[in-house]
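# Geometric and topological summary
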Amino acid sequence: MVHRGHAGAVPAIEATTVLDRWRADHPDWRGRHWTFVADDHGVLRLRPLNVSRAECRQIAA
């Protein structure tokens, strides 16, 4: 089950037409994850997502 707002793995999407379109529309997409994003009408749409690790920064005292 996929919950709203969480990224999923690409293998969960079986429609290659979706993946091919995303690769054409978003050439910087690494092809690993997707997420739900609400449009202007509140409808959830699938969108490609790049996931990266946050940098570790020291907090000034």
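Residues numbered from 1 in each chain as written. Predicted model: local features only at pLDDT ≥ 70, side-chain atom pairs only at ≥ 80, totals over all residues. Heavy atoms only, no water.

### Digging into the environment of arginine 45
Relative to the helices and strands, arginine 45 is located in strand β3 (residues 44-49). A relative accessible area of 39% places arginine 45 in the partly exposed class. For the pair arginine 45 and threonine 35, spaced 10 residues apart in sequence, the C-alpha to C-alpha distance is 8.1 Å. With sequence-adjacent residues up to four places away left out, arginine 45 is seen in contact with Thr35, Phe36, Val37 and Asp39. Only 3.2 Å separates the side chain of arginine 45 from the side chain of aspartate 39, close enough to count as a polar contact. (Helix = DSSP H or I, 4+ residues; strand = E, 2+ residues; numbered from the N terminus. Buried < 20%, exposed > 50% of the residue type's maximum accessible area, 1.4 Å probe, protein only. Contact = heavy atoms within 4.5 Å. Polar contact = N/O pair within 3.5 Å; in protein donor to acceptor, adjacent residues only side chain to side chain.)

### A few points about the environment of alanine 9
Following the sequence through the fold, alanine 9 ends up in strand β1 (residues 8-9). In this structure alanine 9 comes out as partly exposed when scored by relative accessible area, which is 40%. Setting aside anything within four residues of it in sequence, one finds alanine 9 in contact with Arg32, His33 and Trp34.

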